[in-house]
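Listed below are the residues making up each chain.
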Amino acid sequence: MAVDGGKLELPENVFVSKLDELASWCRKNSLWPMPFATACCGIELMATGASKHDLARFGAEVFRFSPRQCDLMIVAGRVVMKMLPVLQRIWQQMHEPKWCISMGACASTGGVFDTYAVVQGIDRFIPVDMYVPGCPPRPEQLIQAIIDLQDKIQREGTITGREFDTAGRQARKRALVEIAAPLSIDAARNPVLQRELAAASEAIGPRS
Amino acid sequence: MPHTPAAVDEVVADVSARFGLLETSTFRGQTRIVVRSVDAPDALRLLNQLGFDLLVDITCVDYLEYKGAKHRYGLVYLLANTATNQRLTVRAFLDDPDPTIRSVVPLWEGANWLEREVWDLFGIRFEGHPDLRRLVMPEEFTAHPLRKDYPLQGRGERHNFPVITRDHS
Amino acid sequence: MSIAPAEFDLASRAADADVRSEDYLWTLNFGPQHPATHTTLRLVLKLEGERVVDAMPEMGYLHSGFEKIGEHLTFNQYVTVTDRMNYISPIANNVAWHHAVEALLGLELTPRCRYIRTIVAELARISDHLLSNGAVGLDTGAFTFFLYAFYQREVIYDIFETLCGARFTNSYTRVGGVSQDFTPLVIEKIRGFVKTFPKTLDDMERLLTRNRIFVDRTKGVGVLTKEEAINRSATGPVARASGVTRDLRKDEPYLAYADLDFKIACASAGDCYARYLVRMQEMRESLKIVAQALENLPSGPVNVGIDQRTALPTKKQVYSSIEGTISHFELSMANRGFEVPFEESYAAIEAPNGELGFYIVGDGDDTAYRARCRPPSVLHFALFPFLIRGHTLSDVVAVLGSLNIIAAELDR
């Protein structure tokens, strides 16, 4: 190493970086997906991991099915209200740093199924980092989503996980509705929820 | 659909002689008979003995908004004969309040889950069913979703959950 | 989500009387999130060491209200929803739905349409059996077999994509016809597939069929006798592997099956290995059907004529004849459509998983009053406790895989 006119000369095999960037680089290139595959998008997820569109090229080699060993939850497919507590429990069982990709139209917004049983978007109940549109999305779209997530991790990642203190960011998200009143089993007796529903249906107008 | 209507007619005549059918009809090659709901399990037992050994499906139709309907619920039993490939549709009508019918689980074990689903989605009680619980909806769910007076988007049950943000997890 | 033993009361349902009083039996929850690739199913197993004493299956973790949606969508809109039922072979569901609708309407299809639907239905059957057997391989540890199967499925996806634009969830059929006719490129691709597939199938068979480990894991496991299969309403490969020789393609021929020469694969053992072999053989027979149907594909129109007022007319007919224009508007406008009788009917096809039928109640307009799907997977999943009693925990996965339970068809 030589100091030459105020500039530090480094040999070829030394590079200088920030610890945050280094940690993000390591994390983004070895994302271990947790496939929360429920429906048709699950088959496209399997196809993305199979030999033609190989997800292992991007570091997402091991599809660990245990939440304790994963850092990327890919929710592929519609989530119904019977399954949502399971989804939330698995999300809570994952260790930080963790990210979530909502794959497909059903996981992002409810998709074609605007019915009594399907949750209209998992981002109402868990925090989502990346949405993949499509029904089902092509494997290339999912791979693009993983690449975009890798860029996001590189941009915003910190070694201590400070980027997850996103209270301010989450509060501005339109989709999240915090239900402050205590939940009852029978939704018809939940006044906050009924008020929200009435307001939403007035906004949409009568359904033909 | 190549059925052999002649042979099915004999079976229908047998059942009619024993139980007195309310209606018999044929549509697009399918023979349908209507029995009284109290007779339905016995008629099905007779049909089972006459060779209709495969229970294809048990389902229900809610006729609340149907033009010209006289009863609210129509239970449909679809039967097939694996030896001769004949099919038969048996219908029984039920009404509010408290639609009840005897279970056919003693005849066909496959009816177990099919009847549980009809109970879950329509609210028709099956007497004598070994384990009448909800099948597809959560246990805590209170309504019967496939009835015509239940809205398609539900009554808010689908969003009745706590929200988990980044701060909690 | 806690399991209260009193709620399930497994002990009182256990097969042996002396087991009922045992508290040392261990309850294991399997699912609804688990590595076996059959998505959202739940099993609560009661184990004595490694042996399964009883199993309580639970479903409903993917129930999306398909049957209620069927009461709000027209027949041609609902076909998109039927794609999402058995999502391993969506075109078979499309063919089944429109088969049922056309039975209700009493429509006769054109010969070309029947052959085309036969070809795509058989390609879907090959696709389904590839994934089903691939999943059995994956769950018992044979990952290479799974990758071979998935590669062939990609070839089939490529054919479907060339045909109608979507890899799967095609929504290919319409009332009275199909959405896109076969082009020469599609026919060429199918011919290529027919030529190359037998070799891959031989490779796959060489991997597993006489593999000592696989045979030990699947032979004698999950035996279903013929009487039990009929009593429990099993259909499709699960029933045929137990000796029930019922296949709707031969017993109640629909589409073009009456003209084609093929055999039905049956076995008598009724265990997982028999189901695997039946599916492998069915793939070969399906390939024969595709080859024959492709060579004998009739020419002519693929949709029914304008006089039936159900299928969209061709552009040439719309612009050059008044009936074509009227028909086009009547079918495209939201508050018109075609007449449906005030009747109910049931029609089924031999889907890859079993007898897939729809019971449709018509009420005058082109939205069904009630669209009931008769799902083979429900009855096969109900078989599960009966099959697994007495086997070990590692057999649970093999049996579950061999039954080919698709969660979306199970729950609808």
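What you are looking at is a predicted structure, and each value in this text was computed from that prediction instead of being measured. (Residues numbered from 1 in each chain as written. Chains lettered and ligands numbered in written order. Predicted model: local features only at pLDDT ≥ 70, side-chain atom pairs only at ≥ 80, totals over all residues. Heavy atoms only, no water.)

Q: Give me the overall build of chain B: which residues, what numbers.
A: Looking only at helices and strands, one finds 3 helices and 7 strands in chain B. In chain B, the succession of α and β elements from N to C terminus is α-β-β-α-β-β-β-β-α-β. Across its three principal axes, chain B shows a C-alpha extent of roughly 70 × 35 × 30 Å. The burial tally for chain B puts 62% of its 169 residues in the buried class. (Helix = DSSP H or I, 4+ residues; strand = E, 2+ residues; numbered from the N terminus. Buried < 20%, exposed > 50% of the residue type's maximum accessible area, 1.4 Å probe, protein only.)

Q: Which residues make up a nonpolar patch on the surface, and what values do they have?
A: A cluster of nonpolar side chains, namely Phe15(A), Leu19(A), Leu22(A), Trp25(A) and Ile159(A), defines an oily patch on the protein surface of about 550 Å² accessible area. When you line up the elements, Leu19(A) lands in helix α1 (residues 19-28). (Patch = residues over 30% accessible without salt bridge, like charges linked within 9 Å, V, L, I, M, F, W, Y side chains within 5 Å. Areas by Shrake-Rupley, 256 points an atom, 1.4 Å probe, with all protein chains shown as cover. Salt bridge = Lys/Arg side-chain N within 4 Å of Asp/Glu carboxyl O.)

Q: Tell me what's going on with the nonpolar core, and back it up with residues and numbers.
A: Counting residues in each nonpolar core, the largest one holds 206 residues, and the members touching the most others are Met73(A), Leu75(B), Ile124(B), Phe182(C), Ile190(C), Phe381(C) and Phe384(C). Of all the elements, helix α6 (residues 111-139) of chain C adds the most residues to this core, at 11 residues. Judged by nonpolar contacts, the second largest core, of 21 residues, contains Leu31(A), Leu72(A), Trp99(A) and Met103(A). (Core = buried A, V, L, I, M, F, W, Y, C linked by side-chain atoms within 4.5 Å.)

Q: How would you explain the packing of helix α2 (residues 40-49) of chain A against helix α7 (residues 143-164) of chain C if you had to name every residue and give the values?
A: Think of two packed helices as two axes; the pair is described by the angle between the axes and how far apart they sit. Remark: α2(A) packs on α7(C), axes separated minimally by 10 Å, with the N-to-C direction vectors making an angle of 110 degrees. Accordingly, the angle class assigned to the pair α2(A) and α7(C) is roughly perpendicular. Every pair of crossing elements has a handedness; the one defined by α2(A) and α7(C) is left-handed. Contacts between α2(A) and α7(C) involve Ile43(A), Glu44(A), Met46(A) and Ala47(A) from the first element and Phe146(C), Phe150(C), Arg153(C), Glu154(C) and Tyr157(C) from the second. (Axes fitted to C-alpha atoms, helices over the stretch in contact; angles between N-to-C directions. Parallel < 35°, antiparallel > 145°, perpendicular 65-115°, else oblique. Left-handed = near helix turned anticlockwise from the far one by under 90°. Contact = heavy atoms within 4.5 Å.)

Q: Could you give an account of the interface of chain C and chain B, with specific residues and numbers?
A: Facing the 49 residues of chain C at the interface are 50 residues of chain B. Of the roughly 4300 Å² buried between chain C and chain B, counting both surfaces, carbon and sulfur atoms make up 57%. Where chain C meets chain B, there are 8 salt bridges. Of the charged contacts, one joins Arg32(B) and Glu343(C) as a salt bridge, the two residues approaching to 2.7 Å between their closest N and O atoms. For the side of chain C that touches chain B, the element with the highest residue contribution is strand β6 (residues 344-351) of chain C, accounting for 5 residues. Residue composition of the side of chain C that touches chain B, by class: 24 nonpolar, 8 polar and 17 charged. (Buried area = accessible area lost by both parts, 1.4 Å probe. Nonpolar A, V, L, I, M, F, W, Y, C, P; charged D, E, K, R; others polar.)

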